[in-house]
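Commentary on secondary and tertiary structure
The primary structure of each chain is shown beneath.
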Amino acid sequence: MIDRTSVFRRPFAGGARRCALAAIPWLLSAASPAVAAEFALASGDTAIGSVTVYDTVAGDTLMDVARSQDLGFTQLMAVNRGVNPWMPGVGRQITLPNFYLLPNAPRRGIVIDLAAERLYYFPPDKSTVVESYPIGIGVLGAVTPVGTTRIAAKVENPVWHPPPSIHAERPWLPEEIPAGPDNPLGAYAFRLGWPNYLIHGTNKPDGVGRNVSHGCIHLYPEDIEKLFNEVPVGTEVRVVGDNVRVAWVGGELFVEIHPTKEQGDELDIEGTLTPVRPPPHLKARVVAAAGDQIQRVDWSIVRRVADERTGVPTQVTGSENASRWEKQPDKASLE
Amino acid sequence: MSQLKIVRIIPIAVIALLGLSACASNTPPADYTAANAKADQALATAQHALAVAQQAEADAKAANQQTSAAYQRSLTK
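Along each chain, the written sequence defines residue order, and numbers are assigned to residues from 1. All chains are assigned letters beginning at A, and all ligands numbers beginning at 1, according to the order in which they are written. In keeping with the model being predicted, local features are shown solely for residues with a pLDDT of at least 70 and side-chain atom pairs are shown and tallied solely at 80 or more, while totals for entire chains, interfaces and linings include all residues.

1. Description of the overall build of chain A
Put simply, DSSP marks the helices as runs of H or I at least four residues long and the strands as runs of E at least two long, and each gets a number from the N terminus on. Of the regular secondary structure elements, chain A holds nine helices and 16 strands. With C-beta atoms placed from the backbone, a contact is any residue pair whose C-beta atoms sit within 7 Å. If you take every contact in chain A between residues at least 6 apart in sequence, the share linking residues at least 24 apart comes to 70%.

In structure tokens, the structure reads:
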């Protein structure tokens, strides 16, 4: 288990109402209620949600915990390293990282955040709400395109026609797989303006939050059903892939860095994360976001966030003159 | 995992009891040699049990990773 006090620094009060309140459940068990998909959102908010804790009970696996809390599996492993996903034990405290800096994208329609492996939906009739769901994405080498498209069609009980690329890997697959328990598209699918890419459900929910598709986006069955009933054809879909977020929350600067795709696979299989080079231009981005508050940035925390890549927003400013960049012997490592 | 802990704890408890009994008894000093031999034997047994447990833990970890890797592959669409 990661030392929480060193990794997560909760938002302070003042301007971040929900995040300040969100600190309260930190000490509480999440127990059984599933996490709501909807988060309150004011126009100036840069973050949603909170970090909470769940105490495991007999028979739990981390896959069960992820689904019940509407989290992705890799996302959960990133902050619970060393926990056996199959047998976490009874009474083990599992950190639930349901706290996000919103991706840098217009707040309309659907925004798919490939790095965080989450989908955001901004309902046009509810400007004070954003919905957020975990998603499964493509395996290494099967990348979902980044850019903007639209929902072209909605299909209930879709039939799956495995594309040639999948047939090449698994020639035994039939030409089409009808709706039902063997259909990997699940019960609902959105066709996009991009041919061959779908947002759909799944018959293997444990794949949500992992790199397991050929580029499609898939959600838990209960999440795709909710989304299917809300999102109209024509809705804008924007796919972004930036691993880094830097934003002010309640007067403090937060940095959120997600694992690379390779690190995600390592987390899923081995439960570990081998550090890699910091994301490009990280220092410049923090400097730009900090502005005239740059002296408050604690670069040792920025460096640790870059190493650990928990995907959880971490406060990097202190109330005093915290900038120690010039004292770091290997300052070039964050360039 | 708790079973592994038990495997580690039992031999240590045996050693402690042997040590206590040796100290608390009225055994003449000359007979401490026999008690020491028993303690050494218990220690060797405990060390062996610890090595077995560590190997079992390593095997379990490897098996766990193999399971996770296979499961990950099974989830691929």
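2. Examining the interface of chain B and chain A
Counting from both sides, the interface comprises nine residues of chain B and, opposite them, 15 residues of chain A. Residues are sorted three ways: Asp, Glu, Lys and Arg are charged, Ala, Val, Leu, Ile, Met, Phe, Trp, Tyr, Cys and Pro are nonpolar, and all the rest, Gly among them, are polar. Of the residues in the side of chain B that touches chain A, the class split is two nonpolar, six polar and one charged.

3. Here we look at the sheet that holds strand E15 (residues 252-257) of chain A
All names here are of chain A. When DSSP finds two or more bridges between a pair of strands, those strands are recorded as paired. What the three strands build is an open sheet, ordered E14-E15-E16; its pairing is antiparallel. Taken across any chain shown, the strands that pair with only one partner, and hence form the sheet edges, are strand E14 (244-249) and strand E16 (314-315). In terms of strand pairing, E15 meets E16 through two bridges, oriented antiparallel. Bridge pairing links Val-255 to Thr-314 in E16.

4. Remarks on the pairing of E15(A)
Residues and elements named next belong to chain A. E15 sits mainly inside the fold: six of its six residues count as buried. With burial as the criterion, each face of E15 is covered, one bearing Glu-252, Phe-254 and Glu-256 and the other bearing Leu-253, Val-255 and Ile-257. In the sheet, E14 pairs with E15 via six bridges, with the strands oriented antiparallel. Pairing of Ala-247 across the sheet is with Phe-254, part of E15. The turn joining E14 and E15, which pair antiparallel and follow one another in sequence, is formed by two residues; a positive phi near 60° is taken by Gly-250. Buried residues are those with 20 or more other C-beta atoms within 10 Å of their own C-beta, exposed residues have 12 or fewer, and partly exposed residues lie in between; C-beta atoms are placed from the backbone.

5. Points about helix H8 (residues 282-290) of chain A
Residue and element names in this part refer to chain A. When H8 is considered as a whole, its buried residues turn out to be Leu-282, Lys-283 and Val-286. One face of H8 carries all of its buried residues, which in axial projection span an arc of 100°. Away from the buried face of H8 by more than 90 degrees, exposed residues Ala-284 and Ala-288 are located. Each element contacted by the buried residues of H8 is listed here: E14, E15 and helix H9 (299-308). Note: the arc covers the axis-to-C-beta directions of the helix.

6. Let's talk about the nonpolar core
Counting 75 residues, the largest nonpolar core has Ile112(A) and Leu119(A) as its most contacted members. Here Ile112(A) is in contact with Leu119(A), Ile135(A), Ile217(A), Val237(A) and Val239(A), once residues within four sequence places are set aside. Buried Ala, Val, Leu, Ile, Met, Phe, Trp, Tyr and Cys residues form a nonpolar core when they are connected through C-beta atoms within 7 Å.

7. Regarding the sheet that holds strand E1 (residues 38-40) of chain A
Residue and element names in this part refer to chain A. Ordered by their spatial adjacency, nine strands build an open sheet running E1-E6-E5-E4-E13-E8-E9-E10-E12, and the pairing between neighbours is mixed. The open sheet is flanked by E1 and strand E12 (217-218), the only strands paired with a single partner. Sheet topology places strand E5 (residues 118-122) next to strand E6 (residues 129-134); four bridges connect them, and they run antiparallel. By the bridge assignment, Tyr-120 is partnered in E6 with Ser-132. In this fold helix H6 (residues 221-230) packs onto E5, E6, strand E8 (147-156), strand E9 (188-192) and strand E10 (198-200), with an angle of close to 60° to the strand it touches most, E9. Fitted lines through C-alpha atoms give the axes, limited to the stretch in contact for helices. The angle between two N-to-C directions lies from 0 to 180 degrees.

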